Amino acid sequence: MDNPLIENEETEPISSPILSPTVTSSLLNQETLGNENHNINNNDNDSGNNNIKIKNKEEELEELEEININQAIITNGGSEEEEDDDDQENEEIDNNGSLIKLPKKYEVSFSNYIMISHLITRMGDKSWAFIIPLFLITLSPNSLIPVSVFGLSQYLFRLVFGPTIGKMTDKYKKVQIIKLGIFSQAFAIGLSCIILFILFKHVGIIENSSSTSPTSSTSTSISLSTSAESSTLFSSDLSIFLFILLLLLSSIHSLATQMMDISVERKWTPSIVKRDTRLTKVNTRMRQIDLGTEMLAPFLAGLIAELCGATSFIWIGVFNFFSFFPQYILLKIVYDRVSVLNLKIDKEGLIDFKDGKDLSTIVYGDDDDDDDDDDDNNMEKNLKSKKSFKEFLMGEWNPFTNIIKGWIVFKRQSVFLVILAYCLLWFTILSPHDSILTAYLSNKGYSYIELSIFRGLGAIFGLGSTLLYNRLLKSKRVFKDNMNKLSLFYILEEGIFVLISGLFFSSSNWLKYIFMVSIILSRCGLYGFEITEIHYVQRLVHHSERGLVSGVESSLCSLAVLIMFIISSSLQSTNNFFILIWVSISFVLAGGLSFFIWFLKYNDIDKNINKNSSTI
């Protein structure tokens, strides 16, 4: 049986020359201290001098921890106090008796910085994603075309440029990618606010809204709807042009968000957090943040819209814009503290968070023989070899070329079946958050309150699944730290409940609620399986290809959404909606089959990962 760990990173122990002089001398000081303690017992006449020496040595040892965090962190066998009861892991030691990972408290600290930055930006992004479609409907109350095109443009851009974005995260310097992603997000949001303001002013909503009483939310709502009737989004060439710009900016923001997600979640986090137990906790909490903000952010955005009326998008946009600054600060703190550690990554060398090429090589020529100490000569060479526009578009950055190359790399991964299973779960409309299913249920007589509860319970049960994930994984009677078995349980759970939902799809009276309850319960399987899928990608895909593979995964998920939209658009009547239901069920069951094949092939993969967890 093939072992997927052959593709994994960081499989070789760190060599002795990596030890910094300070750390080496400090370790020698420990032996010296022991010898001096022995000499104190044998030489009473020199006890005073020895006590002074011991005090000096103890002060040096107390400084060792601070020294280590600024240099190579290599602990001599580890400390029992560093491990909690929940984090007992087998730790392999290299030939020099040294562990190749950060002390646990630094893993916790750095991962907390990452999660806090994720929380701040997710609140802004989810609020923005909720409020923009509402204002597009306000700008064009008699047409759903702006909202549909707005959503489709983002998925289409991710489909085409997903592998290219992933390739960039693999190829270029980590901190430059982070700067590019955050700047692009802030630029897109800031300019989108300006465009929306011009659109609202052009249509006449801002003036009418300001003329009403600011304390009367009812009058404000009326002015929003009535003012848009006389002038709509497609009433002039200027408004159409601004709408196209808004679509472009929203797509740029979507791609920049994808770049940040891949960089931070798929690249940074597994490079810093080497303990599998801690990494699972971080992945779980990231999903909890996503689901929590999905529930809280729309509520807050709706409250702001109710209080501020037509100008609410400005306040939400401003919050979203400024949320990117603390995100950068927190990630920069992690970068500054980790980049000096020279953590072992693979046999090719060290990862120092400064690896990769400079982003300027996208536009300028790339000379691998350049000496980093001679920046002036490098600039001259790059300027002379500036790429033409044709070379830039038709060369390695051709998105369609990257899709083909990305698929080749994606197909040869040992986790191919796991990622494929996850992507197949997206080929479905059986979700409380799916707009197509929501529209159909509304057409069939479900009340708004029923649909609201349906959507809210879906997020709550998904969140509950992530909260129970670690407890289920640690259960000694069932899963026994076997993530593979737990994932099989999750994906089978989803498959069973979507199948039940299909059986009760056409039911009436109270039986129709079995259809809704089954879909709600299936969310537990999806979000639980997602945690495992992320973990396997982090651990079993080589770091030099992980970004590209993640980009292909995102592209596939976007393709799934587009295909379901095309199928739904081709249906001439809601009486044919059952076709969508059973197509969705078929894809989910195909995803379960894909993972089951993986499970049979790599049943003991978790033992191999845990065995090598100290070197990854």
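Since the structure is predicted, the reported quantities are computational estimates derived from the model, not experimental observations.

Trainee: Would you take a moment to explain the overall build of the protein for this structure?
Mentor: A tally of helices and strands in the protein yields 21 helices and two strands. Carbon and sulfur atoms make up 60% of the accessible area of the protein, which amounts to about 28,900 Å² in all.

Trainee: So what exactly am I meant to see when it comes to the environment of Phe 321 here?
Mentor: Topologically, Phe 321 is positioned in helix 10 (residues 312-338). For Phe 321 and Cys 193, which are 128 residues apart along the polypeptide, the C-alpha to C-alpha distance reads 9.7 Å. In this structure, Phe 321 is in contact with Ala 186, Ile 189 and Gly 190, ignoring residues within four places of it in sequence.

Trainee: Sorry if this is basic, but what is going on with a nonpolar patch on the surface here?
Mentor: A contiguous nonpolar patch, built from Phe 183, Phe 187, Leu 191, Ile 194, Phe 197 and Ile 198 and spanning about 550 Å² of accessible area, is present on the exposed surface. Take Phe 183: it is sitting in helix 5 (residues 174-203). Overall, Phe 183 belongs to the exposed group, its relative accessible area being 58%.

Trainee: What should I look at first to understand the packing of helix 3 (residues 104-139) against helix 10 in this one?
Mentor: How two helices sit against one another is set out by the angle between their axes and by the gap between those axes. Two elements in contact, helix 3 and helix 10, have axes separated by 9 Å at closest approach and are oriented at 160°. Between helix 3 and helix 10, the angle falls in the class roughly antiparallel. As for how helix 3 packs across helix 10, the hand of that crossing is left-handed. In terms of residue class, the contact of helix 3 with helix 10 is built from 19 nonpolar, nine polar and two charged.

Trainee: Looking at this structure, how should I read the confidence of the model for the protein?
Mentor: One rule of thumb: low pLDDT means the predicted coordinates there are not for detailed reading. Here the protein shows a mean pLDDT of 74. Residues at 70 or above account for 68%. Ranking the elements of the protein by mean pLDDT puts helix 7 (residues 217-230) last with 41 and helix 14 (residues 416-424) first with 94. Per-residue pLDDT stays below 50 along residues 57-99; that stretch engages in 88 contacts with residues further than four places along the chain or on separate chains.

Trainee: Help me understand the pattern of salt bridges, please; the structure alone is not making it clear to me.
Mentor: Oppositely charged side chains can form a pair if their charged atoms are brought close together. Considering all chains together, one arrives at 14 salt bridges under this definition. Among the salt bridges present, the one from Arg 287 reaches Glu 530, with a minimum N-O distance of 3.9 Å. Taken together, the residues Arg 287 in helix 9 (residues 276-308) and Glu 530 in helix 18 (residues 512-540) connect sequence positions 243 residues apart. Linking Glu 494 and Arg 523 is a salt bridge whose minimum nitrogen-to-oxygen distance equals 3.8 Å. With Glu 494 in helix 17 (residues 483-503) and Arg 523 in helix 18, the pair connects residues that are 29 residues apart, well separated along the chain. For Arg 523, a relative accessible area of 4% gives the class buried. Members of the salt-bridge network, linked through shared partners, are Arg 122, Asp 261, Glu 265, Arg 266, Arg 287, Asp 290, Glu 530, Glu 533 and Glu 553.

Conventions adopted
- Residues numbered from 1 in each chain as written.
- Predicted model: local features only at pLDDT ≥ 70, side-chain atom pairs only at ≥ 80, totals over all residues.
- Heavy atoms only, no water.
- Helix = DSSP H or I, 4+ residues; strand = E, 2+ residues; numbered from the N terminus.
- Areas by Shrake-Rupley, 256 points an atom, 1.4 Å probe, with all protein chains shown as cover.
- Contact = heavy atoms within 4.5 Å.
- Patch = residues over 30% accessible without salt bridge, like charges linked within 9 Å, V, L, I, M, F, W, Y side chains within 5 Å.
- Salt bridge = Lys/Arg side-chain N within 4 Å of Asp/Glu carboxyl O.
- Buried < 20%, exposed > 50% of the residue type's maximum accessible area, 1.4 Å probe, protein only.
- Axes fitted to C-alpha atoms, helices over the stretch in contact; angles between N-to-C directions.
- Parallel < 35°, antiparallel > 145°, perpendicular 65-115°, else oblique.
- Left-handed = near helix turned anticlockwise from the far one by under 90°.
- Nonpolar A, V, L, I, M, F, W, Y, C, P; charged D, E, K, R; others polar.
- pLDDT = per-residue confidence, 0-100.

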